Amino acid sequence: MIARTGALSDNSGIPSSAKTRARVVAGTAASSAQTDVRLGRIVQLLMSYPTVVISGTKLAQEIGSTRSEVWRLVQQLRTLGVEIAGHPSSGYQLTAVPDLLLPDMLQPLVRNSIFNEPIHHYYRAGSTNTLALEAAAAGAPEGSVFLAEQQTAGRGRGNNQWQSAESTGIYCSVILRPALPPADVLVLSLAAGLAVQAAVREVDSRVLPDLKWPNDLLIQGKKFCGILTEMSAEATRVRYIVVGIGINVNQPHFAGELSGTATSLRLTTGTEWSRIEVCAALLKSLDREYRNLLVNAEAREDILRRFEDGSSSARGRRVQVEENGGFEGVTEGLDPRGFLRVRTREGLRVVYSGTVRMKTSG
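Scoring rules and cut-offs
- Residues numbered from 1 in each chain as written.
- Predicted model: local features only at pLDDT ≥ 70, side-chain atom pairs only at ≥ 80, totals over all residues.
- Heavy atoms only, no water.
- Helix = DSSP H or I, 4+ residues; strand = E, 2+ residues; numbered from the N terminus.
- Buried < 20%, exposed > 50% of the residue type's maximum accessible area, 1.4 Å probe, protein only.
- Areas by Shrake-Rupley, 256 points an atom, 1.4 Å probe, with all protein chains shown as cover.
- Pairing = 2+ DSSP bridges.
- Axes fitted to C-alpha atoms, helices over the stretch in contact; angles between N-to-C directions.
- Parallel < 35°, antiparallel > 145°, perpendicular 65-115°, else oblique.
- Contact = heavy atoms within 4.5 Å.
- Nonpolar A, V, L, I, M, F, W, Y, C, P; charged D, E, K, R; others polar.
- Phe/Tyr/Trp six-rings, centres within 6.5 Å; stacked < 30°, edge-to-face > 60°.
- Core = buried A, V, L, I, M, F, W, Y, C linked by side-chain atoms within 4.5 Å.
- Salt bridge = Lys/Arg side-chain N within 4 Å of Asp/Glu carboxyl O.
- 1 Å grid on protein atoms, 1.4 Å probe; cavity = no way out; pocket = protein on both sides within 12 Å on 5 of 7 lines; lining within 4 Å.
- Points joined across faces, edges and corners; volume = space filled by probe spheres on them.
- Right-handed = clockwise from strand over helix to strand, strands pointing away.
- Expected span 1.5 Å × (residues − 1).

A. Inspection of the overall build of the chain at higher detail. Across its full length, the chain carries ten helices and 17 strands. Each of the 362 residues in the chain was classed as buried or not, and the buried ones make up 52%. Accessible surface computed for the chain: about 15800 Å², of which carbon and sulfur atoms make up 50%.

B. Layout of the sheet that holds strand S14 (residues 327–334). The sheet built from five strands is open, its strands ordered S16-S15-S14-S13-S17 with antiparallel pairing. Unpaired on one side and paired on the other, strand S16 (347–351) and strand S17 (355–358) mark the two borders of the sheet. Within this sheet the neighbouring strands show an average axis-to-axis angle of 45°, counted without direction. Examined bridge by bridge, strand S15 (residues 340–344) and S16 share five bridges and lie antiparallel to one another. What sits directly across from Arg343, in S16, is Leu348.

C. How the structure looks around the packing of helix H3 (residues 56–63) against helix H4 (residues 67–79). Where H3 meets H4, the axes come as close as 8 Å, and the angle between the chain directions of the two elements is 95°. The orientation of H3 relative to H4 falls into the category roughly perpendicular. Along the contact surface, H3 presents Gly56, Thr57, Leu59, Ala60 and Ile63, while H4 presents Arg67, Val70 and Leu73. Residue composition of the contact of H3 with H4, by class: five nonpolar, two polar and one charged.

D. Seen up close, the packing of aromatic side chains. Scanning all chains against the criterion turns up one aromatic pair. Both rings, one in Phe339 and one in Tyr352, keep their centres 4.9 Å apart while their planes meet at 65°; by these two values the pair is edge-to-face. Separated by 13 residues along the polypeptide, Phe339 in the loop between S14 and S15 and Tyr352 in the loop between S16 and S17 bring together distant segments of the chain.

E. Region of interest: helix H10 (residues 299–309). Those residues of H10 lying buried are Ala299, Ile303, Leu304, Phe307 and Glu308. The inward-facing, buried residues of H10 contact helix H7 (185–203), strand S9 (210–212), helix H9 (275–295), strand S13 (315–322) and S14.

F. Quick look at unusual backbone geometry. Between Glu117 and Pro118 the backbone carries a cis peptide bond, its omega angle lying at -5°. Looking at the element boundaries, Pro118 is found in the loop between helix H5 (103–106) and strand S5 (119–122). Following Trp213, the chain continues into Pro214 via a peptide bond in cis, with omega recorded as -5°. Secondary-structure assignment places Pro214 in the loop between S9 and strand S10 (216–219).

G. Inspection of the pairing of strand S4 (residues 91–94) at higher detail. Pairing of strand S3 (residues 84–87) with S4, which is carried by four bridges, proceeds in the antiparallel orientation. Residue pairing across strands places His87 opposite Gly91, the latter belonging to S4.

H. Here's a closer look at the nonpolar core. With 88 residues, the main nonpolar core has Val196 and Ile247 as its most contacted residues. Tallying contributions element by element places H7 first for this core, with twelve residues.

I. A look at the pattern of salt bridges. Scanning the model with the defined rule gives 23 salt bridges in all. In this structure, Arg239 and Glu234 form a salt bridge, with 3.6 Å as the shortest nitrogen-oxygen distance. Residue class for Glu234 comes out partly exposed when judged on its relative accessible area of 31%. Residue Arg337 pairs with Asp335 through a salt bridge whose shortest N-O separation is 2.8 Å.

J. Inspection of empty space enclosed by the protein at higher detail. Approximately 30 Å³ is the volume attributed to the largest cavity. As for the largest cavity, its lining consists of Lys212, Trp213, Ser313, Ala314, Thr331, Leu340, Val356 and Met358. Tallied by class, residues from the lining of the largest cavity come to five nonpolar, two polar and one charged.

K. Fine view of the pairing of S5. Both faces of S5 are covered, namely the face carrying Ile119 and His121 and the face carrying His120 and Tyr122. As paired strands, S5 and strand S6 (residues 145–148) are joined by four bridges and run parallel to one another. Looking at the pairing, Tyr122 lines up with Ala148 of S6. In this fold, the crossover linking S5 to S6 by way of helix H6 (residues 128–137) has right-handed handedness.

L. Examining H7 more closely. Here H7 spans 27 Å end to end across 19 residues, near enough to the 27 Å set by a 1.5 Å rise per residue. Of all 19 residues making up H7, 15 are buried, and the element is well covered by its neighbours.

M. Structural view of the packing of H9 against H10. Their axes nearest at 8 Å, the elements H9 and H10 cross at an angle of 135°. Comparing the axis directions of H9 and H10 gives the class oblique. On H10, the residues touching Glu289, Asn292 and Leu293 of H9 are Ala299, Arg300, Ile303 and Arg306. Counted by class, the contact of H9 with H10 contains three nonpolar, one polar and three charged residues.

N. A look at the environment of Ala132. Assignment of secondary structure puts Ala132 in helix H6. Taking the C-alpha atoms as reference, Ala132 lies 7.8 Å from Val145; in sequence the two are 13 residues apart.

Below, the structure is given as structure tokens:
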């Protein structure tokens, strides 16, 4: 989905409460506190010496703090699920590599991309897209990344919420400042879908994500990823774009109605995935797609072609479109701007917005 100033796509349509936009933003700001960077430094130090017990004094010297503060930070890491043995008198040792999206762990993996820094991490945030939009409006640089272990007000299409279970998915928003006209933003959003698809294939080539126009990715017909693109623009130029990507990675199950429509990479493969590995692959893949779009004159046509090739529903699929009163038809690919074409009984129509639902028959 693309919005001019403000819509991550909903996680299989979870209805939101009837809060106003202002209240949502206010709640997001109040519940979002950036993670203490010293947590990542402690984890990195412990990972650097996995077979050694490191004293609290040594850790305190390395992070420029005190032993008592190190103890407090270690306790905080334990509440985040990081397995650390020891106590102040004996020292500390990491007993399992944590799967937290901490900047110190992610940055070495994306060093050569535009998303190397700054990377902002939140244990709990209202919405990473809201945080990124506020930062972009305040002048944050291109390539800024916002990650949360959990979202309390993840926003989606049609006033829906994205279900953001703690430390099981990837909830990521990035700031871009492309020299592009607003009309090209849809193509960028489609390129983000291709980036997710490529990232998953890079981690496990057996998984075949299916692209659903314009902002969802499915596995075996169930949704595991939603993309939300928001921008601030003038008539002829984009000021900034925020691309929000939500990926269900290690959710073990989905309750209620979601069990029939949502899935995760873990449910698909039966194995736990490294969120750090998936997130790094995602940012590197998105970096490649973005750079190519900016410098390659043929990139637009290539993105549209690859999107059609990677989607089982872009051509020859009967759909119900909830737009302008609703209509049915058969998809006929994308037009040169990236909008979906649907052949109806009355002729060819172009879908500019609205929900596109797959028809199983008829």
